[in-house]
Amino acid sequence: MGYPHKPHPRETVVLSKYFGDADARTYKGWVKRGGYEMLAQALTMEPAKVIDIVKESGLRGRGGAGFPTGLKWSFMPKEKKKPHYLCVNADESEPGTFKDREIMRWTPHALLEGSAIAAHAIQAEVVYIYIRGEFTEPWTYMERALAEASAAKVFGAIKIYLHRGAGAYICGEETALMNSIEGKRGNPRIKPPFPAAAGLFGMPTTINNVETLAAVPPILKQGAAWYKGLSLSSPKSTGTKLFSVCGHVQKPGNYEVTMGFPLKDLVYELCGGMRSGRTLKACIPGGSSVPILNREETESCLLDYEGVVERGSMLGSGGVIVFDDSADMVYQIMRLARFYAHESCAQCTQCREGTAWTTKILERILAGQGKMADLDLLLDLSENMTGKTICVLSDSCAAPVVSGIKRFKNEFEDYIAGRRKPVMVA
Amino acid sequence: MADELINLTIDGAPVSVPKGTLVIEAAKQAGVLVPHYCYHPGLPVAGVCRMCLVEIEKAPKLQIACATQVAEGMVVRTQSPQAKQGRMGVLELLLINHPLDCPICDQAGECELQDFTFQEGRPATRYSPDYAKRFNPVEDFGPDVLYVPNRCILCTRCVRFMEDVAKEPVLNVSERGDRAFIGIHPEARLDHPWAGNVVDLCPVGSLLSKDFLHKARAWELDKTASICTGCSQGCNVTLDTRDNIVVRVRPRPNLDVNRYFICDHGRMNYRWMNRGDRIEAPLVQRDGELHAADWDEACERVATLLRGAGGRAVALVSPKASTEALFLARELFTGLDWRGAFQVVMGEEAPLAGVPNLALRAERAPNAKGAELLGYTRDYAATLAAAESAAIVLVLDEPDLVVRTAGTLIYVGTVLPDGARAATVVLPIANVAEEDGTFVNRDGRAQRYFQAKPAPGMARPAWWVFSELAAAAGRGERIASADEAFERLSASVDGLRGLVPA
């Protein structure tokens, strides 16, 4: 995947600066590159001061929701009466997203440093880094990095543990992740109470994404104003963001650009455009859980939290899935629905039954046995699955279905009317 | 501040409830039942079935009434088009994998899925009959519990009961998505002494009692409020009868005694109520044999004995007899030198760990406390010995008792044991399912039970029998009802003084 990494001139490398540089993985190598300086400095600062800097920088959660990070940290009790925890969400499982994996593969110390700074800011003595079970290579590097940094005693009183997931997508949902760490079934919890009030083991907890935390040391180093200045568009979206591009582009991979970068340029310039002889048909801009964009929307979309919403989707995790004109959107949507049906935790009725039913209807349409009424049924079902459950897995299944039918209705109708050859669905 | 009241409006009706109350409970006070499956007041909130979706003003989306606390000025609408649409959606989804085998399902008629579907479900499904429904074979979970996974709606009430109430977490949700089912620990059985409650808790016909399997359709049952006779806890129960046969015992909620639960010992403790070998007529001794008589003759015989009696009288009574009967039996001996005693069968205590002060008690009798309050002692052996020289010995429904006496034996009971064949008079009485009465539980709480079925033949409630005998012997007035008997005893007995039948 293009390593050693040579960034495109239009990239702004902050997080991905050392991607491909194996020496940066080691403790010594990281220190040589200025690593852990900011942690040492932060540990001497008032926690509230650290939070203020992060607030000022405009950093927002990179896991998908885009919640302001400093604000989230400030929800933690100021006066400490119970143990505080920091959970690091490294359970990156969103289809089309592979940015956290690269951070852990190449700059594990960036994550460890950012985590320790965050822990100090929220007055947490313990950090749990919950790493996706399939990430065997990142796990190895993280383990090694943690051992080295712990031996060098850089974390002060803060204790960091790695916790390995066991393969469930839903454990990337923050409260399911906490249940999983506690040794329980990975079911999302009802909110309230929110994690800052009662999270891991019932204690005040903050949970942040890998990319979010990796951005913290550079923010401290170069200042909130610098980070805030990294924006091409909305002042509400600041800094750089890693985009994992996959699908029918010439050069898939991770690209780091400043907020507000045009999606069109990401696809056509940085990724080298579509496969030869093909044209862009659709794009999922923020991981599989967000609405699909058509070509016009894709080519006019700015990559920041507001810009993608303006086009009818969401920035999400930054997993950009690109489809060319050969893509069968009905099939692609069915595959997404099937993923959610497989991964539903089974708690909420709408999700447990709705994801599976949606999949069955889509499979039947693909088999050439669909009815026109199925499209209305899919939309109605999706409406039932949106905003009515504990977590948003159900909504995530509905999003591509609704946006897909809206934008590519003709493809569904072709299958139903028999104008398109049925697909055997395994 | 536990006493702080919150004012809100539910479907237009204003209600005031304590702070912290859940919307679903507040709605009950407004006379509104919000349809629900996973919620149960005796279990921790799960919020998973999503059936209790309601509209709350100012909330951006529908909220679940079971996990939302009331707030001052809150306006709740359970019948708004959005709320009804949301719940209709849940019902449709619950039914797509549900077999619709109501005609052969034990739960039919008392099934919450059936009830709410009739109330607000879709008239027809949109789920194609071409799609297979989820199938898993029936599983034998425990001594009295079958699991029919096809009917399961995964509300997790059973899982939460075992985990949080019984504190023996042998059940879980296994698998994910629409493949999920209730799993049992591979090396465990659902044999906890309180496990049978999962059958009551199950809102559908997924967890079934083997004991009740195919015995009756729900609509054939008559239901009567009663008190369990299994031990001194005094759990409130409902006796379900079909054609005057008790076919099931279920818990009746009482937050102070048994909350929503009963133990399996109590649940199974009903077959004797249907015994066929009952005494159906008064029997009097004539020519060395017992002969059937009418009540007048029998009462007159006893009255004659009582009138001529001198010396000591002894009463050996069952701690399962009603307080009213025990009181009137005592009254019968007014003026005589009498002593009364009872014995209690003991067993193993089995607490329900998650509920304070709730257990299957070692003392396997419902009314030992009542007997004590009335002056009967636990000094059974000595009283039995005293019976040998007593002039009159009254035995109240102790069929296993072997009593020797030189005096006259009066046996009042439901069945005729060999030991009672020497009695001068045998009087047939109703059992607990056949009479009204009161038991006093181990904490001194007097609790009433009601007649669920008729007594066989000429058998009468024991309180009636003793009242008739007293009247015949000129030792008291006739009493018309168990209520009147209770009023009389509550006027004089310490510990029950001042209580009135509700």
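It should be emphasised that the depicted structure is a prediction, and the values quoted were computed from it without experimental measurement.

J.: Before we go on, may I ask you to explain the overall build of chain A in this structure?
T.: Of the regular secondary structure elements, chain A holds 19 helices and 11 strands. A compact globule built from 426 residues would reach a C-alpha radius of gyration of about 22 Å, and chain A, at 22 Å, matches this within 12%. With the C-alpha coordinates aligned to their principal axes, the bounding extent of chain A is approximately 70 × 45 × 35 Å. For chain A, the proportion of its 426 residues judged to be buried stands at 59%. Partitioning the intrachain contacts of chain A with sequence separation of at least 6 by distance along the chain shows that 72% fall at a separation of at least 24.

J.: Help me understand the domain arrangement of chain B, please; the structure alone is not making it clear to me.
T.: Frequently, the measure chosen for interface size is the accessible area removed from exposure when the parts meet. Residue and element names in this part refer to chain B. If you check the domain split of chain B, you get domain 1 (5-93), domain 2 (127-274) and domain 3 (283-490). Contacts between domain 2 and domain 3 engage 29 residues on the former and 30 residues on the latter. Only α4 (157-165), β11 (222-227) and β12 (236-242) provide two or more residues apiece to the side of domain 2 that touches domain 3. Tallied by class, the residues present in the side of domain 2 that touches domain 3 amount to 14 nonpolar, 12 polar and 3 charged.

J.: Can you help me understand the sheet that holds strand β2 (residues 126-131) of chain A in this one?
T.: Strands pair in a sheet through their backbones, by hydrogen bonds, and they do so in one of two ways: parallel or antiparallel. Residues and elements named next belong to chain A. With respect to topology, 4 strands assemble into an open sheet ordered β3-β2-β1-β4, the strand pairing being parallel. Among the strands making up the open sheet, the edge pair consists of β3 (159-164) and β4 (205-209). Neighbour-to-neighbour, the strand axes of this sheet turn through a mean angle of 20°, independent of strand direction. Across the face of the sheet, helix α6 (residues 108-121) comes into contact with β1 (85-90), β2, β3 and β4 while running at roughly 150° to β1.

J.: Which parts of the structure should I look at to understand the pairing of β1 of chain A?
T.: In regular strands, side chains alternate between the two faces of the sheet. All names here are of chain A. Buried residues dominate β1, accounting for 6 of its 6 residues. Of the two faces of β1, both are covered, the one formed by Y85, C87 and N89 as well as the one formed by L86, V88 and A90. For β1 and β2, the ladder comprises 6 bridges, and the chain directions are parallel. Across the sheet, A90 pairs through a bridge with I131, a residue of β2. Bridge count for β1 against β4 is 5 bridges, and the pairing is parallel.

J.: Hey, could you run me through the domain arrangement of chain A in this one?
T.: Residue and element names in this part refer to chain A. We note that the domain assignment places domain 1 (22-228), domain 2 (232-324) and domain 3 (329-417) within chain A. Every contact between the two is made by 8 residues of domain 2 and, on the other side, 10 residues of domain 3. Its residues assigned to classes, the side of domain 2 that touches domain 3 shows 5 nonpolar, 3 polar and no charged.

J.: Before we go on, may I ask you to explain the packing of α6 of chain A against helix α7 (residues 136-151) of chain A in this structure?
T.: Packed helix pairs are specified by the crossing angle of their axes together with the interaxial distance, meaning the distance between the axes. Residue and element names in this part refer to chain A. For the pair α6 and α7, the least separation of the axes is 9 Å and the interaxial angle reads 55°. Taken together, α6 and α7 sit at an angle that is classed as oblique. The two elements α6 and α7 meet at a crossing, and its hand is right-handed. Residues P108, H109 and L112 of α6 lie in contact with α7, whose contacting residues are Y141, M142, A145, L146 and A149. Residues of the contact of α6 with α7, tallied by class, amount to 7 nonpolar, 1 polar and no charged.

Basis of the calculations
- Counting of residues starts from 1 at the beginning of each chain's written sequence and follows it residue by residue.
- For naming, the first written chain is A and the first written ligand is 1, with later ones following in the order written.
- pLDDT decides what is reported in this predicted model: residues at 70 or higher carry local features, side-chain atom pairs at 80 or more are listed and counted, and totals for whole chains, interfaces and linings draw on all residues regardless.
- Numbering of helices and strands starts at the N terminus; helices are DSSP runs of H or I of at least 4 residues and strands are runs of E of at least 2.
- Only C-alpha atoms enter the radius of gyration; for comparison, a globular chain is expected to reach 2.2 Å times N to the power 0.38, where N is the number of residues.
- As a rule, residues whose C-beta atom has 12 or fewer other C-beta atoms within 10 Å are exposed, those with 20 or more are buried, and those in between are partly exposed; C-beta atoms are placed from the backbone.
- We call two residues in contact if the C-beta atoms placed from their backbones are at most 7 Å apart.
- For the domains described, the bounds stem from an automatic or database domain assignment.
- Throughout, the ten residues Ala, Val, Leu, Ile, Met, Phe, Trp, Tyr, Cys and Pro are labelled nonpolar, Asp, Glu, Lys and Arg are labelled charged, and all others, Gly among them, are labelled polar.
- Strand pairing is assigned whenever DSSP identifies at least 2 bridges connecting the two strands.
- Throughout, an axis means a line fitted to C-alpha atoms (over the contacting stretch in the case of helices), and angles, computed between N-to-C directions, take values from 0 to 180 degrees.
- An angle below 35 degrees is treated as roughly parallel, one above 145 as roughly antiparallel, one from 65 to 115 as roughly perpendicular, and anything else as oblique.
- Here is the rule for handedness: rotate from the far helix to the near one, and if that takes an anticlockwise turn smaller than a right angle the crossing is left-handed, while a clockwise turn gives right-handed.

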